[in-house]
Amino acid sequence: MLKNSGLVTAALLAAVQGAAAQDLTLEDETVLSSGDATLLDVITVTSATRTETPIDEATVSVSVVTEDQIERQANVNSNIGQILSKTIPGFGQSTENLTEYGQTLRGRNFLTLIDGVPQTNNLNNNYRALNSISPSAIGQIEVVRGATAAYGFGAPGGLVNIITKTPEDGEFNANLSLGFKASPSNFGESLSYITEAGASGAKNGFFYLANGSWEDSGASFTADGARRPPDSFGTQGGTDDIGAFNFLGKLGYEHENHRVLFSANKYRYWQDSNWAGLVSGGSRANNTSATPSRGNLNTRTPGTDNLTLNANYTNDDILGGSLDLQAYYNDNTTTFTRTEFFGFQYDQYETESQKLGGRATFDTPLPIEQVPVDLVWGLDVLNDKTKTNPIDGPVDTPEYDLVGLAPFAQLRAELFDDRAKLTAGVRYEHLSVDINDYVNEIGTSVTGGTLTFREPLFNISGSVDLNDTFTVFGGFSQGFQLGDLGRYLYNSDFTNVSQLSDDGQKTDSYEVGLRAVGNAWDASITGFYNKSNNGVTYDANLDIVLSPEQIWGVEIAANYDVTDQIAVGGTLTWLEGEYDTTGDGKYDSDLGSDRIAPLKLTGYVEYSPRDWANFRLQGLYSGHRDPDSTQFTGIETIDSYFVMDAFADFQVNDTSKLSLGVENMLNADYVPVLQQAYSVQSYGYDDYYYVKAPGVTFSAKYSVKF
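From a predicted model like this one, the values you see are computed outputs, not experimental measurements.

Quick notes on the rules
Residues numbered from 1 in each chain as written. Predicted model: local features only at pLDDT ≥ 70, side-chain atom pairs only at ≥ 80, totals over all residues. Heavy atoms only, no water. Helix = DSSP H or I, 4+ residues; strand = E, 2+ residues; numbered from the N terminus. Buried < 20%, exposed > 50% of the residue type's maximum accessible area, 1.4 Å probe, protein only. Contact = heavy atoms within 4.5 Å. Areas by Shrake-Rupley, 256 points an atom, 1.4 Å probe, with all protein chains shown as cover. Core = buried A, V, L, I, M, F, W, Y, C linked by side-chain atoms within 4.5 Å. Salt bridge = Lys/Arg side-chain N within 4 Å of Asp/Glu carboxyl O. Phe/Tyr/Trp six-rings, centres within 6.5 Å; stacked < 30°, edge-to-face > 60°. Lys NZ or Arg CZ within 6 Å of the ring centre and 35° of its normal. Pairing = 2+ DSSP bridges. Axes fitted to C-alpha atoms, helices over the stretch in contact; angles between N-to-C directions. pLDDT = per-residue confidence, 0-100. Polar contact = N/O pair within 3.5 Å; in protein donor to acceptor, adjacent residues only side chain to side chain. Patch = residues over 30% accessible without salt bridge, like charges linked within 9 Å, V, L, I, M, F, W, Y side chains within 5 Å.

A. Molecular detail of the overall build of the chain. For the chain, the count of helices and strands is eight helices and 38 strands. Within the chain, the fraction of its 706 residues that count as buried is 60%. Long-range pairs, those at least 24 residues apart, make up 69% of the contacts in the chain with a sequence separation of at least 6. Of the roughly 26,300 Å² that the chain leaves accessible, carbon and sulfur atoms contribute 55%.

Below, the structure is given as structure tokens:
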């Protein structure tokens with residue numbers, strides 16, 4: 001049952017930025033043994049490293065979800081946020097919705113990329129970046145935990161780089177999959193369909209790929225059979241009654257040291273439901289889930305339209321090293337739902353963001369004979385135009401036009417016969433944001449202007465092999481983001497944007513740990529700490545507050561191949577955080593549960609009795625949290641819950657496979673963490689926000705390759 005995710009993860013550890021090395025393996029994968037050393041030397045991966053990096057130069061905190069895992073997890077977990085929650089340590093519990101709001105990485109926001117193209121909207125975050133592509137188009141997901149300047153422009157908690165599929169070997173390859181999901185509570189109305197098809201190949205240096213998917217989702221029902229609202233977290237977006245399609249296309253040519261690649265990904269989903277009326281009936285005291293009513297409050301159909309275009313050129317022989325050039329364009333429009341809450345009907349609106357940018361990355365070995373030293377350097381450029389489009393009400397946020405420039409340089413050195421590695425570097429971000437005149441949500445006329453941010457970001461990290469089994473590591477890195485600028489401009493009491501602080505939010509991150517790799521096992525333990533003097537929080541009235549804050553925690557991962565047929569493993573994530581409410585230098589209040597998730601434990605057992613059969617049982621435990629907090633999302637106690645999934649793959653013949661899955665197989669009756677945090681009983685918010693997660697759901701998919 002030897003697998004390769006461990007070596008992929010370790011390859012990513014040699015990053016352009018200096019976060020410390022961490023776990024070498026994905027939560028459910030076993031690393032290669034020492035007998036595979038020859039193979040390890042040739043495996044390379046391009047992601048957070050920004051260059052193709054051999055696995056034996058590892059120094060960064062990265063985890064990887066492989067294509068096989070994504071395919072299997074997607075059978076039971078409907079979105080990427082759920083997949084990451086159940087596979088990546090440090091990643092917060094899923095909201096069970098389209099939104100990633102409240103799902104943090106080490107307690108902070110993260111930057112989402114598709115093939116290195118930023119999807120996160122840092123000016124007016126719509127929290128849809130994780131769900132801007134279908135899982136069927138993804139080759140692997142790489143997660144850098146901790147502040148990183150590798151890609152910059154907004155990654156205080158780390159980054160999630162979604163790598164799309166690559167063409168298979170051979171002139172022509174094709175695949176077709178048909179699948180469905182349903183709940184036994186109401187089979188007919190919950191029935192969901194998905195169709196996936198693709199083709200790829202290569203000949204005479206040219207290569208191509210086309211991949212498409214179509215999904216039609218039904219309703220979802222709680223463990224006790226109650227219908228869940230199509231938008232089960234306010235205007236943040238649900239996964240019920242939606243249609244979605246995704247198309248990924250790639251075309252490239254490779255000759256000697258040169259490679260050119262053009263790619264496009266188009267993702268669109270829309271939600272057209274007969275149950276988009278008023279939501280009510282939630283009660284924490286009575287343990288009843290909020291339910292929807294028939295009707296439709298929306299003026300325009302809610303949904304997301306996301307287009308990503310990418311062009312890459314690489315040259316493996318320039319200035320004694322390599323060059324990677326990238327140009328990209330991203331156009332994202334998200335239409336939110338319209339809601340009525342406490343008798344007040346909120347206006348429907350949509351956000352629109354257009355990003356145009358490019359990157360140049362040079363990897364240059366330095367002529368130092370005594371110590372192998374490598375210099376990675378280059379420049380990032382970004383133009384991001386973001387605005388809010390009115391649908392049935394006035395615009396109360398301005399238009400933004402951001403221009404960012406970021407030169408960077410990073411040194412890597414191998415010491416003591418490659419038993420120790422040291423990385424250190426700097427990235428300098430220069431951001432300017434043009435803001436037009438506007439009238440905000442409280443009716444104040446605000447004069448626009450230009451905000452300028454200049455931030456040097458430093459990093460240093462290292463690792464030392466104590467012996468063939470154990471490696472100790474540690475590091476420091478900095479990240480920067482603009483904070484929740486859109487929310488602050490939306491309802492804060494000022495008359496000129498020049499009154500805003502131009503400090504932004506710089507995050508300092510530290511980590512130290514120990515990892516170990518044996519012949520049939522691997523394990524790691526990491527302690528981390530991060531702080532910011534200008535963190536974004538919300539008080540009991542949901543007004544934005546900028547204040548100093550600190551977060552600390554522990555991550556543990558372990559895997560063991562019991563036999564050739566049986567593997568077990570799991571992860572532990574615990575973190576806590578607090579902030580300074582008065583600015584007197586004392587951290588006197590816990591951060592809310594939208595930032596600090598409770599204890600998370602994951603575990604799995606995998607059994608492969610035959611070459612053609614594989615079974616997996618996995619569980620996630622979310623613990624109890626009772627914060628002492630003045631924040632809105634820290635008022636309520638968070639109750640614990642446990643959810644278990646099971647799935648199986650059967651290789652029918654050489655070209656076809658049958659996959660079966662059961663999500664929440666124990667039919668657990670629970671409310672996700674974020675919905676609990678927002679269900680403040682004293683405010684009556686549980687009437688609307690207290691929505692239970694889906695109950696047991698069955699799935700099946702048949703796949704053919706030809």
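B. Region of interest: the nonpolar core. One finds Val433, Leu482, Leu485 and Leu489 to be the most contacted residues of the largest nonpolar core, which totals 23 residues. Listed by contribution, the elements that provide at least two residues to this core are strand E23 (400-415), strand E24 (420-435), strand E27 (449-465) and helix H6 (485-491). The residues touching Val433, leaving out its near neighbours within four places in the chain, are Leu123, Tyr400, Asp401, Leu402, Gly449, Thr450, Leu451, Phe453, Leu482 and Leu485. Among the nonpolar cores identified, the runner-up in size contains 20 residues, and Ile80, Leu130, Ala137 and Ile162 belong to it.

C. Local environment of the pattern of salt bridges. Applying the stated criterion across every chain yields a total of 29 salt bridges. With a shortest N-O distance of 2.4 Å, Lys266 and Asp305 are connected by a salt bridge. With a gap of 39 residues between them, Lys266 in strand E12 (residues 258-271) and Asp305 in strand E17 (residues 303-318) connect regions that are remote in the sequence. Overall, Asp305 belongs to the partly exposed group, its relative accessible area being 26%. A salt bridge links Arg412 to Asp363, with the shortest nitrogen-to-oxygen separation between them at 3.7 Å. Of this pair, Arg412 sits in strand E23 while Asp363 is found in strand E21 (residues 349-365), placing the two residues 49 residues apart along the sequence. The network of salt bridges with common partners includes Arg72, Glu606, Arg616 and Asp649.

D. Structural detail: the packing of aromatic side chains. According to the stated counting rule, one finds 28 aromatic pairs in the structure shown. Both rings, one in Tyr685 and one in Tyr689, keep their centres 6.0 Å apart while their planes meet at 40 degrees; by these two values the pair is tilted. For the residue pair Tyr685 and Tyr689, the accessibility class agrees, reading buried in each case. Following the ring pairs from residue to residue traces out a cluster consisting of Tyr101, Tyr127, Phe233, Phe341, Phe342, Phe632, Tyr678, Tyr683, Tyr685, Tyr688 and Tyr689. Across from the ring centre of Trp275, 4.1 Å away, lies the NZ or CZ of Arg227, which sits over that ring. Seen from the ring of Phe153, Arg427 lies directly overhead, with NZ or CZ sitting 5.2 Å from the centre.

E. Structural context of the pairing of strand E18 (residues 321-335). Where E17 and E18 come together, 14 bridges link them in antiparallel fashion. Residue pairing in the sheet places Asn310 in a bridge with Tyr328 of E18. Between E17 and E18, which follow one another and run antiparallel, lie two residues, and Leu319 among them has a positive phi close to 55 degrees. Relative to E21, E18 is paired through 14 bridges, and the arrangement is antiparallel.

F. Quick look at the sheet that holds strand E5 (residues 117-118). Read across the open sheet, the five strands follow the order E3-E6-E7-E4-E5; overall the sheet is mixed. Looking at which strands have only one partner, the edges of the open sheet turn out to be strand E3 (62-65) and E5. Pairing analysis gives two bridges linking strand E4 (residues 111-114) to E5, with the strands arranged antiparallel. Bridged to Ile114 within E5 is Val117. Across the sheet, helix H3 (residues 67-74) touches E3 and strand E6 (138-145), and the angle it forms with E6 is around 100 degrees. Sitting on the sheet, helix H4 (residues 80-87) touches E3, E6 and strand E7 (158-164), and the angle it makes with E6 is about 55 degrees.

G. Structural view of the confidence of the model for the chain. The share of residues in the chain with pLDDT of 70 or more is 89%, and the mean pLDDT across the chain is 87. Every residue in residues 1-49 scores below 50 in pLDDT, and together they form 211 contacts with partners more than four places removed in sequence or on other chains. Confidence drops under a pLDDT of 50 for residues 53-58, and excluding neighbours within four residues, the segment shows 30 contacts in the predicted structure.

H. Region of the structure containing the pairing of E6. Within E6, eight of the eight residues are buried, leaving the element largely enclosed by the surrounding structure. With four bridges joining them, E3 and E6 adopt antiparallel strand pairing. Of the residues in E6, the one forming a bridge with Val64 is Glu142. With seven bridges connecting them, E6 and E7 associate as antiparallel partners. Across the sheet, the residue bridging to Ile141 is Ile162, located in E7.

I. Local environment of H4. The buried count for H4 comes to eight of eight residues, which makes it a mostly enclosed element. Taken as a whole, H4 has its buried residues at Ile80, Gly81, Gln82, Ile83, Leu84, Ser85, Lys86 and Thr87. Two to three positions downstream of the cap, the backbone nitrogen of Gly81 sits 3.1 Å from a side-chain oxygen, assigning the N-cap of H4 to Asn79.

J. Spotlight on unusual backbone geometry. Unusually for a residue other than glycine, Glu256 sits at a positive phi of about 50 degrees. Assignment of secondary structure puts Glu256 in the loop between strand E11 (242-255) and E12. Relative accessible area serves as the criterion here: at 65%, Glu256 is assigned to the exposed category. Its identity as a non-glycine residue notwithstanding, Leu319 has a phi of 55 degrees, on the positive side. Along the chain, Leu319 falls in the loop between E17 and E18. With a relative accessible area of 58%, Leu319 lands in the exposed category.

K. Spotlight on a nonpolar patch on the surface. Nonpolar side chains collect at one region of the surface, where Val464, Leu466, Phe470, Val472, Leu514, Trp521, Ile525, Ile556, Tyr560 and Val562 lie side by side and expose about 780 Å² of accessible area between them. Here Tyr560 lies in strand E31 (residues 544-561).

L. Molecular detail of the environment of Val696. Along the chain, the position of Val696 falls in the loop between helix H8 (686-689) and strand E38 (697-705). For Val696 and Ala182, which are 514 residues apart along the polypeptide, the C-alpha to C-alpha distance reads 8.9 Å. Every residue in contact with Val696, bar those within four places of it in the chain, is listed here: Ser183, Pro184, Val662, Glu663, Asn664, Met665 and Asn667.

M. Spotlight on the environment of Ser622. Note on placement: Ser622 falls in strand E35 (residues 613-622). Spatially, the C-alpha atoms of Ser622 and Asp639 are 8.3 Å apart, while their sequence positions differ by 17 residues. Setting aside residues no more than four positions away along its own chain, Ser622 makes contact with Gln93, Pro598, Leu599, Ser640, Tyr641 and Val673. For Ser622, the side chain forms a polar contact with the side chain of Gln93, separated by 2.9 Å.

N. How the structure looks around the environment of Val373. Considering the arrangement of structural elements, one finds Val373 in strand E22 (residues 373-390). By relative accessible area, Val373 is classed as buried at 16%. Residues Val373 and Leu422, 49 residues apart in the sequence, show an inter-C-alpha distance of 9.6 Å. The contacts of Val373, once residues within four sequence positions are left out, are Pro365, Leu366, Ile368, Leu411, Arg412 and Ala413.

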